[in-house]
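Survey of secondary and tertiary structure
Chain residues, written in single-letter form:
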Amino acid sequence: LYGGFLPYTATFLMFVEYARNAVRMAALMKVRSIYVYTHDAIGLGEDGPTHQPVEQLASLRVTPNMSTWRPADQVETAVAWKYAIERKDGPTALILSRQNLAQQARTTQQLADVAKGAYVLKDSDGQPDLILIATGSEVELAVAASDVLSAQGHKVRVVSIPSTDAFDKQDAAYREAVLPKAVSARVAIEAGIADYWYKYVGLNGAIVGMTSFGESAPAEKLFEVFGFTVDNVVAKASALLK
């Protein structure tokens, strides 16, 4: 509260449950602090559903004055850390994966746009037919699915949204440039609760997400069982494009 120090907390995302009151009070009191939450999804694996966060991401995102970031690689993580350090009027949560994540290629403009909370990571020529939206470890899945869909002749845009709250604060022109209203075929991909993403895909969009608790199994098996595969994303997208 004094402000002489910048405190941070680090633990598994699931264990935000043990600190819920402190996190909420930090947001309510506009306290500058950083929460570093790792092991962010069902990819935690064999520890099972007691340790696999599902609803925690959505809960943090809907907490007033909490800034929540789920970066896709080292670059987005660095931008998120910078954002958290520079923020003066409330807490920031960094949600990090247990899995090794692929480094994404970016232009100078894309790098600058990361701090806006969402940006076009991969695009098509002209207006896209389909937008794939993803965060964190699922961004590389979206990119892989876009390669398949593009090879099938579709115009696909991949949008990375490391921070929904930062994106929502951008002006209407920027939000429209990233997620144009004219493109209604949208698929959101995140290994967390699915319902949160309807605000970005609309009621007619598709979501590859969690609608249940996880299970105890290796991460690769869980991602397959719960549909976090290129084949499933392509199938969801293809259904929208018919």
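Predicted, not measured: the structure shown is a model, and the values here were computed from it.

Counted according to the given criterion, the structure contains 14 salt bridges. When the shortest N-O distance is used, the salt bridge between arginine 157 and aspartate 123 registers 3.0 Å. On the criterion of sequence distance, the pair formed by arginine 157 in strand S7 (residues 156-160) and aspartate 123 in the loop between strand S5 (119-122) and strand S6 (130-134) is long-range, its members being 34 residues apart. Take arginine 157: its relative accessible area is 9%, and that puts it in the buried class. A relative accessible area of 39% places aspartate 123 in the partly exposed class. For glutamate 176, the salt bridge is made with lysine 181, and the minimal N-O distance between the two is 3.4 Å. Look at glutamate 176 and you get partly exposed, because its relative accessible area is 31%.

Right, let's get into helix H5 (residues 139-151). Taking 1.5 Å as the rise per residue, H5 with 13 residues should run 18 Å; its terminal C-alpha atoms sit 19 Å apart, in good agreement. Within H5, the full set of buried residues consists of Val139, Leu141, Ala142, Val143, Ala145, Ser146 and Leu149. Next to the buried residues of H5 lie S5, S6, S7, strand S8 (186-193) and helix H10 (230-241).

Attention now goes to the nonpolar core. Judged by nonpolar contacts, the single largest core of 54 residues is most densely connected at Leu132, Ile133, Val159, Ile189 and Phe228. With six residues, H5 is the single largest residue contributor to this core. Those residues in contact with isoleucine 189 that sit more than four places away from it in its chain are Ile133, Ala134, Thr135, Glu138, Leu141, Ala142, Val208, Phe228 and Val233. In this structure, Val16, Val23, Ala26 and Leu60 belong to the second largest nonpolar core, which totals eleven residues.

Here is what the cut-offs are and how they apply
- Residues numbered from 1 in each chain as written.
- Predicted model: local features only at pLDDT ≥ 70, side-chain atom pairs only at ≥ 80, totals over all residues.
- Heavy atoms only, no water.
- Salt bridge = Lys/Arg side-chain N within 4 Å of Asp/Glu carboxyl O.
- Helix = DSSP H or I, 4+ residues; strand = E, 2+ residues; numbered from the N terminus.
- Buried < 20%, exposed > 50% of the residue type's maximum accessible area, 1.4 Å probe, protein only.
- Expected span 1.5 Å × (residues − 1).
- Contact = heavy atoms within 4.5 Å.
- Core = buried A, V, L, I, M, F, W, Y, C linked by side-chain atoms within 4.5 Å.

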